[in-house]
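Fold and geometry: a report
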Amino acid sequence: MNLGSLKPFFEPHLLSEIDRFGIVKQVKKGDILIDIGEQIQFIPLIIEGAVKVLREDASGDEILLYFVDFGNTCAMTLNCCMENTPSEIRAVCEADTSLIMIPATYMDSWLAKYKSWRIFIFDNFQGRLNELLKAVDSLTFLKLDERLERYINEKAELQKNKKLNITHLEIATDLNSSRVVISRLLKKMEKDGLLLLGRNTIQILN
DNA sequence: ACATTAAGTGATT
DNA sequence: AATCACTTAATGT
């Protein structure tokens, strides 16, 4: 197992346990990792790629909460793991992603045994909580055009690429708006010289 | 050539 | 800011 990239995070003993009990999994873009209502059996550790975490309302509309990328895991999942409750969120792969699935049963013993695991879990809670706060005030305080701008920049940063392959419809569902509105806002941004639009692509200028 | 999907636009609420 | 109704353009079969 290629654990080199995790070395800075965990102490050697823990690394070898991860090596022994973790299951490496490759998932493709669009795959659903965890769905709402599912019981969590594994803690996913992201090695490469990114996952988006979203919530769904009663009428089936989705709303994006945050992204999880390398070296992180989903705090909502951790929570569900410990409490043994069903998932409150859906996790969908943003891009082709590789991750290590760690059986949830190790959570407890590792927390007791390994300082680096405790730190890791804590940092993740903190990180996700901040992301969640960002999502909340984005929803309540920002207008749609500002949210859209933030969304695009975040996405570009995530995949380290100023040219996004995404449709207006995908953006609309992530921000839970409608395609027409997104198209218009993007068009305005293009006129303002912020972007270059194409079919399935958005190129960010600066 | 035809169907499908993405994006652009005016009018209306 | 959302929805409708329609157009135009790009892509797949």
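This is a predicted model, so every value here is computed, not measured.

1. A short note on the protein's contact with DNA strand B
- What surrounds DNA strand B is the set Thr167, His168, Arg179, Val180, Ser183, Arg184, Lys187, Gly198, Arg199 and Asn200.
- For DNA strand B, the backbone portion of the atoms within 4 Å of the protein, that is sugar and phosphate, comes to 38%.
- Separating a phosphate oxygen of DNA strand B from a side-chain N or O atom of Lys187 is a distance of 3.3 Å.
- A distance of 3.0 Å separates a base oxygen of DNA strand B from a polar atom in the side chain of Arg199.
- Residues that form the surface near DNA strand B fall into these classes: one nonpolar, five polar and four charged.

2. Side note on unusual backbone geometry
- One non-glycine residue with positive phi stands out, namely Lys160, at about 50 degrees.
- Relative to the assigned elements, Lys160 resides in the loop between α5 (144-158) and β8 (163-165).
- The backbone of Asn200 shows a phi angle near 65 degrees, a positive value even though the residue is not glycine.
- Within the secondary structure, Asn200 sits in the loop between β9 (195-198) and β10 (201-204).

3. Describing the nonpolar core
- In this structure, Leu6, Phe10, Ile18, Leu33, Ile100, Ile102 and Trp117 are the most contacted members of the largest nonpolar core, which totals 37 residues.
- The next biggest cluster of nonpolar side chains, apart from the first, holds 18 residues, and it includes Phe67, Ile171, Ala172 and Leu185.

Conventions we followed
Every chain begins its residue count from 1, and numbering advances along the sequence as written. Chain labels run from A onward and ligand labels from 1 onward, assigned in the order the entries are written. Under the rules for a predicted model, residues below a pLDDT of 70 receive no local features and side-chain atom pairs below 80 are neither given nor counted, while totals for whole chains, interfaces and linings still include all residues. Heavy atoms from the whole structure form the basis of all side-chain values; hydrogens and water molecules are not counted. Neighbouring residues are identified by heavy atoms, a residue being near a molecule or strand if any of them is within 4 Å of it. N or O atoms within 3.5 Å of each other form a polar contact, as long as, within protein, one can give a hydrogen and the other can take it, and as long as residues adjacent in sequence are counted only when both atoms are side-chain atoms. Note on residue categories: nonpolar means Ala, Val, Leu, Ile, Met, Phe, Trp, Tyr, Cys or Pro, charged means Asp, Glu, Lys or Arg, and polar means any other residue, Gly included. Here a strand is any run of E in DSSP of at least two residues, a helix any run of H or I of at least four, and the numbering for each starts at the N terminus. Here, nonpolar core refers to any group of buried Ala, Val, Leu, Ile, Met, Phe, Trp, Tyr and Cys residues whose side-chain atoms link them within 4.5 Å. For every residue, the accessible area (1.4 Å probe, protein chains only) is compared with the maximum for its type, and the residue is labelled buried under 20%, exposed over 50%, or partly exposed between those bounds.

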